[in-house]
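Fold and contact review
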Amino acid sequence: MKRRDFLKNASLASLSLPFVSNGFSMQAISKELFEYSKNAEDRVLVLIRMNGGNDGLNMVFPIDQYANLMVQRPNILIPQNQLLNLTSDVALHPKMTGMQDMFNNGKLSIIQNVGYPEANRSHFRSMDIWTTGALDINQTSGWLGRYFDSTYPNFPADYPNVNFPDPFAISMGSEVSTTCQGLMGNFSHAVNDPFNTSNLLLTNVTNDGTYYGSHIEYISTLINQTNEYGTAISSSANAGNSLSNLYDPLNPLAVQLKYIAQMISGGLKTKVYIVNIGGFDTHDSQVDQNSLADGNHSLLLEMISDAVAAFQNDLHLLGLEERVAGMTFSEFGRQIASNGSYGTDHGDSAPIMLFGNCVNTGIIGPNPTIDNQINEQAGVPMQIDFRNVYASILRDWFEAPEPSIQALFEQNITYLDVLSGCSVGLAEQEAQKQKPLAYPNPTPSNTTLRFQAKGEQYQIYIVDQQGKAIAQAFDGQLATGKQELAMETSKLPAGHYYFLITSTSMRELVAFQKV
Amino acid sequence: MQVYTGPWTKAEAAHLLRRTTFGATNQQILAAVSNGMTATVNSILQIPISSEPLAYDAGETIVPQGSSWVNAVYPANQTQNQQTENARFKSLGAWIAKNINQEQLCIAEKMAFFWQNHFGVTATAESRAMYHFLALLRQNALGNFKQLMKDVTIDPAMLLFLNGATNNVFSPNENYSRELLELFSIGKGNQIATGDYSTYTETDVAAGAKILTGYTVTGVRSSTETQALAIFNPILHDNASKTLSYHFNNQVLAGAGATEYANYIDVIFAQPQVAKYICSKLYRYFVNYDITPTVQTDVIDVLAQTFINNNFEILPVMQQLLTSDHFYDMSVRGAIIRNPLDMVMGVLNPTQTIPNFGLVGDYQTYISIYYVADTMGQSYIIPPSVAGWTAYYQAPAFSKLWINSTYIKKRFDIVSAIVYTGIPIGTNTLKMNHLGFLNGLSNPSSAPQVIDDICDVFFPKAIDATDKLMLKLILTGGLPDFEWTIQYTDYANDPTNIAVSNPVMQRMQAVMNVILKMPQFQTI
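Bear in mind the structure is a predicted one, so any value in this text is a computation, not a measurement. (Residues numbered from 1 in each chain as written. Chains lettered and ligands numbered in written order. Predicted model: local features only at pLDDT ≥ 70, side-chain atom pairs only at ≥ 80, totals over all residues. Heavy atoms only, no water.)

Focus on the interface of chain B and chain A
Between chain B and chain A, the contact holds 53 residues from the first and 41 residues from the second. Here chain B and chain A share an interface that buries about 3900 Å² over both sides, 64% of which is from carbon and sulfur atoms. For A:Glu175, the salt bridge is made with B:Arg507, and the minimal N-O distance between the two is 2.9 Å. Where the side of chain B that touches chain A is concerned, the elements lending two or more residues are α17 (405-421), α20 (465-475), α21 (481-493) and α22 (498-515) of chain B. With 9 residues, α22(B) is the largest single contributor of residues to the side of chain B that touches chain A. (Contact = heavy atoms within 4.5 Å. Buried area = accessible area lost by both parts, 1.4 Å probe. Salt bridge = Lys/Arg side-chain N within 4 Å of Asp/Glu carboxyl O. Helix = DSSP H or I, 4+ residues; strand = E, 2+ residues; numbered from the N terminus.)

Given below as structure tokens:
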């Protein structure tokens, strides 16, 4: 949370509102109360995997290298005057207007020339490197899988459980993600459609009336019943919202990001979402030879830019902007020189994009240097090791301690400041922890109320939107110190409510939502 | 029921092999296609000699590691005696799993389990006796059933299991006598009068008990005898004549001492119901649970007549069944839900995932696999009851009983383990042989062909085209097909280089993890 917003919300949340039994509407402030973000535990990372090898030079243009780019890729290079300028020497593809706006609003950053030493130009091997976060061929776990393993050591045996009812990661589609492969299990749960969380990885199962059909139907039903995460996911999706009208229903990435917004806003505690978008293997017809700003690659970039912009807009409207950050990646960039088929072949490094309200805005790393004479098959050389980006995200976003981050990677980590835009100081964090808090929130059943008590007699009421007390939830003496009281909210109809905490010295409202 | 004359493609060949083995490779299916139905059926209807189980566990104190214990004494010391029995029990369980995992492409293992289910014998703490019983079933799995019935009747394991060993003239025990009629030979029909079960009466149960008196078992867990042996003791035998019920034409069996039981079995087998009963069990096990009136008259009665005509030889019945048009009918494809061993071995065998960890490592692996099936409801040498597993007789669910919410999760967990991390067993890890499996497919460099072949191996019927497309996209990681071809070719040209083989393996892991969790895989 940015300091300005933190202070704004803190002052609102600590307002000691008079309790009025009728007519006093608290609706106006409820959104603000909801907005106050907690800590790293609530943060969400969205990874967008651009499958096939993204041509970074046709996405982020080093304007100061334009002349030599023209030498190397004359048949595909988009005219300079069509590019979208971000800075004086960096520009975006003309179709990425949504992301240009995000950049200008401080919600997008670009890390240039990300890769790893001695690039491997096999799609499969290189994607394994990116997903495992390791160059070691024997590494089979994913970088986030190792992070989760270090945090939740008995996975999958002890999960899900009461404290962790939701999947740690969701991989949109039919395949769990190697990124989340742990030592004993994969932390990601494959989800095609969060509103229909059948655990059936593929869907076309019908009872054709034969014995076989009846078995398949029976087993499918059982699989769904035993899908431990299915209910948590679908109830969150159903409880959640999507408020942006910018999503294009024909844009498959937008559809998936909208699902993600719905799951997050519905209270799902999943920390990582992974979406895949294919088609970046643009050996030919990368551009339309009659209009270089069009063609296959431009369609993909437009899809990503539009979808991410819609998602960011949605997060803003939902008040979730400071809980969600995202990153794009691809297995490699493409060669500097274009080929004769208006395409490009497998290369090395490429830029990655980070998005969200908390990114450190701007462009990290210098433009690549394009010589007018290059070796055959030259790619863009690496300047920033992808593992340093991963490590920095873990540090900045999940607030993992540096020694435990280092243990996940094979080389010495050099950190970049990537996502510290919302970090709050320790004192502020501590102050925030003192605030009364209801969790889970929104809740589908009961909830826990956490606050600092002062050794007094307390009465806690459940108050509805009209400010009317509808139930007394607690009446008793509480010792000084942090209290965590189980609140019976399971029988409340869905809607927005408050806990009103009262004592001699305290009068606090804590908003919560029953879903 | 006619001989099947329809198309003989991978679908039919794979159907035959799924029902008669624990899982064929793609090459074996293709060979079956080119050999044709008749030759394939003839070649799978054989029972190869199997080696004996070997000592591997430190609890075995009599024979050295790597030696057979099936004809070895037990230690005299009681503690060691029990330790040795525990070790032999594990060796026996491992041996069963090993036989199935390393089966030749023939019906032996499926047939052996058919009989184990039929007789429902639980190992009664005498692993030598249990071994010899299982060996008897296996050896005669396609042999003469009437003779097998006689042999089983005085087998030490059976005598111990159903109290035959304590059934004597002074206190007849009806346990075996009842099951002989109710479960093993003629089968129990509807009760039509007090004590009358359509096919036999309580009179026959009582008479049978007396007929069977006189056998005891010696040498159980003996430190001096190398076998548990059935002994006939004439003093314990009721040698009076016995009169059977009207179901057996009120026949009188004269006292005949040690061979009286065989005369009795001959009398039982004179009833046509015996053949019908056994053929209905074969049908449920090999074809489908649902015996409609048409199936009864057109299939089971026909098979039963073949059984009788061939004096209860099993092989001609199986030959007729497996070459029949009914067996290949689309309506019965995929009509059986895999039992746990069929599920686990159905993953390991087609991929030729076979432990190679030396004697001890292999046996440890196999006993672990045995227990995996056990935790999913199928402990081969400890059936739930003498009636066998409910999935083969309990209407209306039948094979659906193999899967419930607990078991399906276990099935998925074992798939995840085998496909990705491997099953850790001691210092060894049993991992799926992804690359060997892939290399054995018809055209591994073609992504669509890989998926077609995998589906042929694991699914009883064609799956939806969009599902196939999804599977292919998982294999290719969403890339164009040619990228898979390039990657596979790189690997094929440099197969020992893990930098090119691991990416191929990882794609196979992703695909297999999905395929083996599809509901279609759970059926055969």
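Having seen the model, we can carry on.
Comments concerning the domain arrangement of chain A
Split by domain assignment, chain A resolves into domain 1 (3-36 + 436-514) and domain 2 (40-197 + 229-422). Here the C-alpha centre of domain 2 of chain A lies 38 Å away from the C-alpha centre of domain 1 of chain A. (Domains from an automatic or database assignment.)

Some remarks on the nonpolar core
If you look at the biggest cluster of nonpolar residues, it comprises 182 residues, and the most contacted ones within it are B:Met111, B:Trp115, B:Phe119, B:Phe145 and B:Met318. Core analysis: the next-biggest nonpolar cluster, separate from the first, contains 99 residues, A:Leu45, A:Phe168, A:Val191 and A:Leu268 among them. (Core = buried A, V, L, I, M, F, W, Y, C linked by side-chain atoms within 4.5 Å. Buried < 20%, exposed > 50% of the residue type's maximum accessible area, 1.4 Å probe, protein only.)

Notes on the pattern of salt bridges
Within this structure, the stated rule accounts for 32 salt bridges over all chains. As a salt-bridge pair, B:Lys150 and B:Asp266 come within 2.8 Å of each other at their nearest N and O atoms. Linking B:Lys150 in helix α7 (residues 145-153) with B:Asp266 in helix α11 (residues 260-269), this pair joins segments that are 116 residues apart in sequence. Residue B:Lys150 is classed as buried on the basis of its relative accessible area of 12%. Look at B:Asp266 and you get partly exposed, because its relative accessible area is 30%. Taken together, the salt bridges that share partners define one network made up of A:Arg395, A:Asp396, A:Glu402 and A:Asp417.

Details of the packing of aromatic side chains
Counted according to the given criterion, the structure contains 61 aromatic pairs over all chains. Considering the side-chain rings of A:Phe164 and A:Phe168, the 5.7 Å spacing of their centres and the 40° angle between planes classify their relative orientation as tilted. When the ring of B:Trp95 is compared with that of B:Tyr131, the centres are 5.1 Å apart and the planes differ by 65°; the resulting orientation is edge-to-face. Taken together, the positions of B:Trp95 in helix α4 (residues 78-101) and B:Tyr131 in helix α6 (residues 127-139) put the pair 36 residues apart, joining distant regions of the chain. A single burial state applies to B:Trp95 and to B:Tyr131, both of which are buried. Between B:Lys110 and the ring centre of B:Phe22, over which it is positioned, the NZ or CZ distance is 4.8 Å. When the ring centre of B:Tyr197 is taken as origin, the NZ or CZ atom of B:Lys188, which lies over that ring, is 4.7 Å away. (Phe/Tyr/Trp six-rings, centres within 6.5 Å; stacked < 30°, edge-to-face > 60°. Lys NZ or Arg CZ within 6 Å of the ring centre and 35° of its normal.)

Describing the sheet that holds strand β3 (residues 84-85) of chain A
In a beta sheet, neighbouring strands pair by backbone hydrogen bonds and run either parallel or antiparallel. All names here are of chain A. Strand order in the open sheet made by the 3 strands is β2-β4-β3, with antiparallel pairing throughout. Looking along the sheet, the strands with just one partner apiece sit at the ends: β2 (60-62) and β3. Bridge count between β3 and strand β4 (residues 90-92): 2 bridges; the pairing is antiparallel. For Leu84, the partnering residue across the bridge sits in β4 and is Leu92. (Pairing = 2+ DSSP bridges.)

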